[in-house]
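Chain residues, written in single-letter form:
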Amino acid sequence: MRRGRHQRLERARQMIHRHFCTYFDHRYLPLGLALHGSLRRVCGDFTLWVLALDEEAAAFLDEAALPSLRVVRLSDLEAFDPQLKEVEKDRSRVEYYFTCSPCLPRYLMEVEGVDEVTYLDSDLWFFASPERVFDEMGDGAVAIVPHRFSEAAARSHARFGLYNVGWLTFRNNADGRACLEWWRGMCIDWCYDRAEPTRYADQKYLDYFESRFPGVRVIANPGANLAPWNVARHAVVQDSSGVSVDGEPLVFFHFQGLRRMSRSTYDSNLASYGARLTPALRHGVFEPYLYALGQAEAFVAARLPAAVDAQNIRRAELGLWRRRASRAWRLLRARMTGNLLDVPVR
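Residues numbered from 1 in each chain as written. Predicted model: local features only at pLDDT ≥ 70, side-chain atom pairs only at ≥ 80, totals over all residues. Heavy atoms only, no water.

**Q** Summarise the nonpolar core; cite the residues concerned and give the values.
**A** Of all hydrophobic cores here, the largest spans 47 residues; its most connected members are Leu51, Leu108, Leu168, Phe170, Trp183 and Phe209. Ranked by size, the runner-up nonpolar core spans 34 residues in total, among them Phe20, Leu39, Leu120 and Phe134. (Core = buried A, V, L, I, M, F, W, Y, C linked by side-chain atoms within 4.5 Å. Buried < 20%, exposed > 50% of the residue type's maximum accessible area, 1.4 Å probe, protein only.)

The following block contains the structure:
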C-alpha cells in the first residue's frame, strides 16, 4: 500500500511542468548552458526561461534552439516594464542586471501566464531532482533559501543578508504576487552594489519577506544551495550513491566566484569564506561541474568564441593592472590553501 502511494506521488510529480528562469549575457553563456544541461539530466518536464541580457546571447540561444529553453529579450522585458528601463541610467551594468531579478518572474506571470516560476542564478548546477525543494515548499506562496553562513563566512559576509537570491519561487496567487510586486518596487527604488544596514542590491530585501507576507517558506534542506559560504558547516560525503549533505542528497550547488586561473586550473573560491576543498567536494562536486562546464564552453566556442573566457562585468570594469593583481592574489591564495582545481580529463 505504502509503495503504491509512493509510486503515484512520483508519477504526479513527473506530470508537473516546472518553470524556471534565469538571466545572463554572452559572457555567461557556458554557465547558463551547464545549468540547463543539469536540469535536463535530473528534472522532469520543465521550461528554462532565459532573459538574454545582450543581443549576442539572444542570437546564440535562438540559433541553438535548445530543448526546454525559451528566450526573453531584454528589449521585450523593458517594453513591458518601462519603469525598469527608466532606472537604467542611474545604475551600473551589474546593478541594472540585479534590478531585473524581480521583473523577469513578473513578466512571465503576466505575459506568458505561468502559474509558478522559480528564479535561479546562472551559476547553479543540479545534482538531484529539485522536487525535494518543491516538496518542502508545500502549499506556500513563496520559497526562499537561507545563506546558512559558516562561522568564518558570517564574520565577513553576514552584511549581505540572511537569504541568498540564488533560488526564489513565486506562485501566481494573491500572496505570491503581493510579495513579488513589493520586491520589484523596492528594487526599482534602490538596487545598488553596496551593502547598507537594511539593503544590498536585490538580495537583502528577502530578509523582510517572512514578516511582511503570508505563505513564505524558508527551505531548510541542507542539500539546497550548498555553496562556498556554507560548506564548512556541513558534513559533505561522497559514496556510491552520490554526494550527501548532513545525510541528505545534494540537490544543487552554487558555484559562486569560481574562476579560471589558466587553461587547466580553476580557483574554487572556497578560501574567500574560510572553507577547504575536501576530497568529496573536489571529486564529487567540482570535478563533475568543471567537466560539464568544459562541454558547454566547447559548444559555445564553436559558435561564439568571444563568449569563452570573457571577463565578467565586475572584472571588466577594473583596469588592466588591477585585474592582473587580483588574478595573482587569487592564484597564490588558492595554492596556499589547497583550493586550486585541475580541469578533469575524461
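**Q** Give me the lowdown on the packing of aromatic side chains, citing residues and values where you can.
**A** Any two aromatic rings considered together are summarised by their centre-to-centre distance and by the angle between their planes. Summed over all chains, the structure comprises 25 aromatic pairs. For the pair Phe20 and Phe46, a centre-to-centre distance of 6.3 Å together with 65 degrees between the ring planes defines the contact as edge-to-face. Of this pair, Phe20 sits in strand S1 (residues 18–24) while Phe46 sits in strand S2 (residues 46–52); the two residues are 26 residues apart in sequence, bridging distant segments of the chain. Ring geometry for Phe255 and Tyr289: centres 3.9 Å apart, planes at 10 degrees, overall stacked. Taken together, the residues span a long stretch of sequence, with Phe255 in the loop between strand S15 (252–254) and strand S16 (259–262) and Tyr289 in helix H11 (residues 279–301) at a distance of 34 residues. For Phe255, a relative accessible area of 3% gives the class buried. Within the aromatic cluster, the residues linked to one another by ring pairs are Phe20, Phe46, Phe126, Phe134, Trp167 and Phe252. A cation sits over an aromatic face here: Arg18 above Phe134, 3.8 Å from the ring centre. Taking NZ or CZ as reference, Arg91 lies 4.8 Å from the ring centre of Tyr192, over its face. (Phe/Tyr/Trp six-rings, centres within 6.5 Å; stacked < 30°, edge-to-face > 60°. Helix = DSSP H or I, 4+ residues; strand = E, 2+ residues; numbered from the N terminus. Lys NZ or Arg CZ within 6 Å of the ring centre and 35° of its normal.)

**Q** Help me get a handle on helix H2 (residues 29–42), residues and values and all.
**A** For H2, with 14 residues, the first-to-last C-alpha span of 20 Å sits near the 20 Å given by 1.5 Å per residue. With 11 of its 14 residues buried, H2 lies for the most part within the structure. Three or more residues of H2 are buried, namely Leu29, Pro30, Leu31, Gly32, Leu33, Ala34, Leu35, His36, Ser38, Leu39 and Val42. (Expected span 1.5 Å × (residues − 1).)

**Q** Describe the pattern of salt bridges, with residues and values.
**A** Tallied over the full model, the rule gives 21 salt bridges. Note that Lys89 and Glu86 form a salt bridge whose closest N and O atoms lie 2.5 Å from each other. Glu297 is paired through a salt bridge with Arg260; the nearest N and O atoms lie 2.6 Å apart. Remark: Arg260 occurs in strand S16 and Glu297 occurs in helix H11; sequence separation between them is 37 residues. Residue Glu297 is classed as buried on the basis of its relative accessible area, which comes to 14%. One network of salt bridges, with partners in common, ties together Asp81, Arg106, Glu110, Arg177, Glu181 and Arg184. (Salt bridge = Lys/Arg side-chain N within 4 Å of Asp/Glu carboxyl O.)

**Q** Could you give me a rundown of a nonpolar patch on the surface, with the residues and numbers involved?
**A** Taken together, the side chains of Trp329, Leu332 and Met336 make up a nonpolar region of the molecular surface, amounting to roughly 370 Å² of accessible area. Examined against the element boundaries, Leu332 turns out to sit in helix H13 (residues 320–337). (Patch = residues over 30% accessible without salt bridge, like charges linked within 9 Å, V, L, I, M, F, W, Y side chains within 5 Å. Areas by Shrake-Rupley, 256 points an atom, 1.4 Å probe, with all protein chains shown as cover.)

**Q** So what about the sheet that holds strand S5 (residues 124–126)? Which residues, and what values?
**A** Read across the sheet, 3 strands follow the order S5-S15-S11 without closing on themselves; strand pairing throughout is mixed. The two strands at the open ends of the sheet, each matched to only one other strand, are S5 and strand S11 (224–226). Looking at each pair of strands side by side, their axes are set apart by 30 degrees on average, direction ignored. Here 2 bridges tie S11 to S15, and the two strands are oriented parallel to one another. Directly across from Ala224, in S15, lies its bridge partner Phe252. (Pairing = 2+ DSSP bridges. Axes fitted to C-alpha atoms, helices over the stretch in contact; angles between N-to-C directions.)

**Q** Kindly report on the pairing of strand S13 (residues 242–245), identifying the contributing residues and their values.
**A** The pairing of strand S12 (residues 236–239) with S13 spans 4 bridges and is antiparallel. Bridging from a neighbouring strand, Asp239 pairs with Gly242 of S13. Joining the antiparallel neighbours S12 and S13 is a turn of 2 residues. The pairing of S13 with strand S14 (residues 248–249) spans 2 bridges and is classified as antiparallel. Residue pairing for S14: Val245 is matched across the bridge by Glu248. Where S13 folds back on S14, the antiparallel hairpin that results is connected by 2 residues, among which Asp246 adopts a positive phi of roughly 50 degrees.

**Q** Lay out unusual backbone geometry with the relevant residues and their values.
**A** What you tend to see is this: most non-glycine residues have negative phi, and most peptide bonds are trans. Phi is positive for Asp246, close to 50 degrees, though the residue is something other than glycine. Structurally, the position occupied by Asp246 is in the loop between S13 and S14. By relative accessible area, which is 40% here, Asp246 ends up partly exposed.

**Q** Outline helix H6 (residues 93–111), listing residues and values.
**A** An ideal rise of 1.5 Å per residue puts 27 Å on 19 residues; H6 measures up with 25 Å between its terminal C-alpha atoms. Here H6 lies mainly inside the structure; 16 of its 19 residues are buried. Remark: Gly113 follows H6 within two positions and exhibits a positive phi of approximately 70 degrees.

**Q** Tell me what's going on with the sheet that holds S1, and back it up with residues and numbers.
**A** The mixed open sheet is built from 7 strands, whose spatial order is S3-S2-S1-S4-S7-S6-S10. In the strand order of this sheet, the two ends are held by strand S3 (69–73) and strand S10 (216–218), each with one partner. Strand after strand, the sheet turns through a mean of 25 degrees between neighbouring axes, direction not considered. Here 3 bridges tie strand S6 (residues 142–146) to S10, and the two strands are oriented parallel to one another. In the strand pairing of S10, Ile144 is matched with Val218. Helix H9 (residues 174–189) contacts S6 and strand S7 (163–171) of the sheet and is inclined by roughly 135 degrees relative to S7. (Contact = heavy atoms within 4.5 Å.)

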